[in-house]
Amino acid sequence: DLHRVDRRQRQMCIRDRELVAYRGGGQNIDYDNMDKSSCGANNQLTSENPYIENTLQSIKHAVDSGFKIIHLNVHYTRDNKFAVFHDWKVDCATDGKGKVAKMTLEELIKLDVGYNATSDQGSSFKFRDKGVKMPSLSQVFAGFPDKRYWINLKNPNQYSIPALNEFIQASNIKYKNEILLCV
């Protein structure tokens, strides 16, 4: 079963001191200087990490680096699928515009998720036009079926929570009964 964990309980989500690849192992965010938009793409810290958060590339790097639990931000899309992306809108991070929940998965996976990523207040965009795309949760589970997941469902409601539970139970992932769901 999915376990619902509220924001105050997140620090208790780690058992046995296992490392969690937060946001799928992407860039570090400067939370101290984050503006009200909560746009991680505009608030990245300078880093040697060559991956954008919540992407197949960052997750693969995290897995290859030994992380046992993958934290993901997931949205329920307009066409009743699940996209892996942090922000409520695509405007800040990508080359698109609009609310994630109002878009189809097909529209979302075409966007360049590294388009506006910067660690120098917009002087450069080292991830722009590098082919980094938003994955679906299906792609993540297919690529990494033996991992444990901590899923932050960004738009929980009476439709998305049961749909996510059904999706997970129908998936091929090994630890489907040990997923932590934060809403």
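Read on for an overview of the structure. Small disclaimer: the values here were computed from a predicted structure and weren't measured. Counting restarts for each chain, with residues numbered from 1 along the sequence as it is written. A pLDDT threshold of at least 70 governs which residues receive local features in this predicted model, and a stricter bar of 80 or more applies before side-chain atom pairs are shown or counted, although totals over entire chains, interfaces and linings include all residues. Calculated side-chain values reflect all of the structure's heavy atoms, with hydrogen atoms and water omitted.

## Comments concerning the overall build of the chain
Note the threshold: Strands here are runs of E lasting at least two residues and helices are runs of H or I lasting at least four, both read from the DSSP assignment and numbered beginning at the N terminus. Between buried and exposed lies partly exposed: a residue is buried under 20% and exposed over 50% of the maximum accessible area for its type, with that area taken using a 1.4 Å probe on protein chains only. Any two residues whose heavy atoms approach within 4.5 Å are treated as being in contact.
When you go through the chain residue by residue, the secondary structure sums to four helices and six strands. Ordered by position from N to C terminus, the α and β elements of the chain give β-β-α-β-β-α-α-β-α-β. In the chain, which comprises 183 residues, the share counted as buried stands at 50%. Residue pairs at least 24 apart in sequence account for 62% of intrachain contacts in the chain once pairs closer than 6 positions are excluded.

## Comments concerning the environment of I69
Relative to the helices and strands, I69 is located in strand β3 (residues 69–76). Taking the C-alpha atoms as reference points, I69 and V20, separated by 49 residues in sequence, lie 4.8 Å from one another. In this structure, I69 is in contact with E18, L19, V20, A21, R148, Y149 and W150, ignoring residues within four places of it in sequence.

## With respect to the pattern of salt bridges
So the rule is basically this: Salt bridge, as used here, is a side-chain nitrogen of Lys or Arg placed within 4 Å of a carboxyl oxygen of Asp or Glu.
On inspection of all chains with the given rule, the structure shows four salt bridges. K60 is the partner of D64 in a salt bridge, and the nearest nitrogen-oxygen pair spans 2.6 Å. Residue D64 and its partner K60 are located together in helix α1 (residues 56–64), separated by four residues, close to a single helical turn. Of the residues examined, D64 reaches a relative accessible area of 54% and is grouped as exposed. In this structure K60 comes out as partly exposed when scored by relative accessible area, which is 44%. Here K110 and E106 are joined by a salt bridge, their closest N and O atoms 3.7 Å apart. Judged by relative accessible area, K110 falls into the exposed class, the value being 55%.

## Quick look at the packing of aromatic side chains
Rules: The pairing test for Phe, Tyr and Trp rings, Trp by its six-membered ring, is centres within 6.5 Å, and the orientation test on the planes gives stacked under 30 degrees, edge-to-face over 60, and tilted for anything in between. Only Lys NZ and Arg CZ are tested; either one counts as a charge over a ring when it is within 6 Å of the ring centre and within 35 degrees of the ring normal.
What the rule picks out here adds up to five aromatic pairs. Judged by centre distance (5.7 Å) and plane angle (50°), the ring pair of F82 and F167 falls under tilted. Of this pair, F82 sits in strand β4 (residues 82–84) while F167 sits in helix α4 (residues 160–170), and the two are 85 residues apart along the sequence. Taken together, the ring pairs in this structure connect Y76, F82, F141, Y149 and F167 into an aromatic cluster. In this structure, R128 is placed above the aromatic ring of F125, and the distance from its NZ or CZ to the ring centre is 4.2 Å. A cation over a ring is seen here: R148 above Y175, with NZ or CZ 3.9 Å from the ring centre.

## What to know about α1
Each turn of an α-helix holds 3.6 residues, which means side chains three or four residues apart point in the same direction. Heads up, the condition is: The arc in question is the one spanned by the directions pointing from the helix axis to the C-beta atoms.
Every buried residue of α1 is accounted for by S58, I59 and A62. The buried residues of α1 occupy one face: seen down the axis, they fall within an arc of 100°. The inward-facing, buried residues of α1 contact β2 (20–21), β3 and α3 (137–143). Trailing α1 by a residue or two, G66 shows a phi angle of about 100°, which is positive.

## Notes on the environment of D91
How we decide: Polar contact is the term for a pair of N or O atoms within 3.5 Å; when the atoms are in protein, one must be able to donate a hydrogen and the other to accept it, and sequence-neighboring residues count only if both atoms are side-chain atoms.
Relative to the helices and strands, D91 is located in the loop between β4 and α2 (105–108). Given the relative accessible area of 28%, D91 is considered partly exposed. For D91 and N116, which are 25 residues apart along the polypeptide, the C-alpha to C-alpha distance reads 8.9 Å. Ignoring anything within four residues of it in the chain, the contact list for D91 reads G96, K97, G98 and N116. From its side chain, D91 meets the backbone nitrogen of G98 in a polar contact 2.9 Å long.

## Observations concerning the pairing of strand β5 (residues 148–153)
In plain terms, the rule: Two strands form a pair only when DSSP identifies at least two bridges running between them. If the strands point away from the viewer and the path from the first strand over the helix to the second runs clockwise, then the crossover is right-handed.
Most of β5 is tucked away, with six of its six residues classed as buried. A two-sided burial pattern is seen for β5, the buried positions comprising R148, W150 and N152 on one face and Y149, I151 and L153 on the other. Pairing between β3 and β5: six bridges, direction parallel. Looking across to β5, one finds that I69 is bridged to R148. Where β5 meets strand β6 (residues 180–182), three bridges bridge the pair, whose relative direction is parallel. Across the sheet, residue N152 finds its bridge partner in β6, namely C182. Each parallel crossover has a hand, and the one from β5 via α4 to β6 is right-handed.

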